[in-house]
Amino acid sequence: MTDHRIGTPEQLRDPNFTPALSRAIPLGIQHVLAMFVSNVTPAIIVAGAAGFGFGSNSPDFPELLYLIQMSMLFAGVATLFQTLTLGPIGAGLPIVQGTSFAFIPIMIPLVAGKGVDGLAAMFGGILAGGIFHALLGTVIGRIRFALPPLVTGLVVTMIGLALVKVGIEYSAGGVPAKEAGLASYGSWASWSAALVVLAVTLGLKFFARGMLSISAVLVGILVGYVYAIFTGLLSVDAIAGSWQNAAAFSLPQPFRYGIEFTVAGVIGFCLMAFVSAVETVGDVSGITKGGAGREATDREIAGATYADGVGSAIAGIFGGLPNTSFSQNVGLIAMTGVMSRHVVTIGAIFLIICGLVPKVGGLIRTVPIEVLGGGVIVMFGMVVASGISMLSDVHWTRRNMVIFAVALSVGLGLQLEVLNVAPGAPNALQHLPDTLRILGASGILPAALIAIVLNLVLPEELAEESTEEVSGGMAGHRGEEPRGESA
């Protein structure tokens, strides 16, 4: 709901308008609260997949703190590119950047079980993918035809489906506890913490208003954090120790984990950059429509795509993960009606400060895995829901049903059969070269490629007899009279 005390309706629709600091600072921090948990979660997931995440006894565990720190720092830097612009880089709009969930299914196979040693190939892929992503800014308007809602909706849905298992594992006690066969895995102590977070999040989202509703996941995790302390799941000594051991100030280190350009890493990140770029186009359009009541210009769309890529490439150099525009903040702009890019600049500065102060990451590191699990159940479920929402825009002809069916069957099948088996165990892709096996294991890239190719080559209308057995004789007959004799 628009607050006219901030400015006139014309001013609120102007990206260059700067509200009074007494209003701008809370609005900027509100943007950070809306995306904070989502922004640091990918780093936690990647560390967990590599073997030095929450609950692990790995000597590399302190590196999780650095990954969290870089997630905050470079989300802020990439956001500044969008709001302040640098030449052609940036849209000059209130776009909040953050670590992208889309790349997680690509990163997990690259680092799985390899510890810190697996990060070099991942960051090589991030750097190459970021450069490629930036180059897409020159042609983004001409390649959108290849990524209609049928393709983008399928990919986003697949990303969410690949992640929902993580939420359950975290809520039950974490992957290390599961692999060690600990009796505590799946115990009521673990599940109760996750359920507290889930209950508080849903309660605030549906029954609260304003900032409490917007930051429901964050508040839910904070309540779960307190619950964990009172139930003994987290000790005060552990919190104090993490705070004391973290530095008060630290600068990022270029190539901290080395850099390695592998075929699988480069191809995987470059292909996912297409999807991320189209998602950004949608977010830019959503911001201009929701905040200013107009269509986005070609300059804004290209600038936003440049900023996505450049921000991701720079993050890869210093140990940060790929960045993209955050859709939840698009909704926040539509709700507040404040289009000021300088409000988001304040939020970006807050993120940068957090990223330069490792003590913030030190506190985040003490969040019990079960508490985080309650939050990510909501977040990853929303990813699936977003994909389904995109698919609702598809005209479900029999042709589109066949494309979706084949792509989903192959992609989801590979996710379930390959990605979720123990390292070294027999799987459907074990005889492929490592590069193809890693790319195929995510399921997302095969699904996306199948959907794109079939959408481009199949005729608009398939022969009726060729799809009856696939659709059960029902799909594609909306509004038609049923065949055969009536009852």
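Residues numbered from 1 in each chain as written. Predicted model: local features only at pLDDT ≥ 70, side-chain atom pairs only at ≥ 80, totals over all residues. Heavy atoms only, no water.

- The protein chain appears in an unreviewed UniProt entry as Purine permease from Alloyangia mangrovi.
- Under the Sequence similarities (unreviewed entry) heading, UniProt states for the protein chain: "Belongs to the nucleobase:cation symporter-2 (NCS2) (TC 2.A.40) family."
- Annotation of the protein chain in UniProt includes, under Subcellular location (unreviewed entry), the sentence "Membrane". (UniProt positions renumbered as here; feature names shortened; annotations may be inferred.)

Some thoughts on the overall build of the protein chain
So, point 1. Scanning the protein chain for helices and strands turns up 22 helices and two strands.
So, point 2. Dimensions along the principal axes, computed over C-alpha positions, put the protein chain at roughly 75 × 60 × 50 Å.
So, point 3. For the protein chain, buried positions account for 54% of its 487 residues.
So, point 4. Sequence separation of at least 24 residues holds for 81% of the intrachain contacts in the protein chain that already meet a minimum separation of 6.
So, point 5. For the protein chain, the exposed surface amounts to about 20500 Å²; the carbon and sulfur share of it is 66%. (Helix = DSSP H or I, 4+ residues; strand = E, 2+ residues; numbered from the N terminus. Buried < 20%, exposed > 50% of the residue type's maximum accessible area, 1.4 Å probe, protein only. Contact = heavy atoms within 4.5 Å. Areas by Shrake-Rupley, 256 points an atom, 1.4 Å probe, with all protein chains shown as cover.)

Focus on the packing of aromatic side chains
So, point 1. Using the criterion set out here, one finds seven aromatic pairs in the structure.
So, point 2. Aromatic side chains Phe-101 and Phe-380 sit 5.2 Å apart centroid to centroid with 90 degrees between the ring planes, which places their arrangement in the edge-to-face category. In this pair, Phe-101 sits in the loop between β1 (97–99) and α4 (104–111) while Phe-380 sits in helix α18 (residues 369–391), placing the two residues 279 residues apart along the sequence.
So, point 3. Through a chain of ring-to-ring contacts, three or more aromatic side chains come together here, namely Tyr-66, Phe-123 and Tyr-257.
So, point 4. The ring of Tyr-66 carries Arg-256 above its face, with NZ or CZ at 4.1 Å from the centroid. (Phe/Tyr/Trp six-rings, centres within 6.5 Å; stacked < 30°, edge-to-face > 60°. Lys NZ or Arg CZ within 6 Å of the ring centre and 35° of its normal.)

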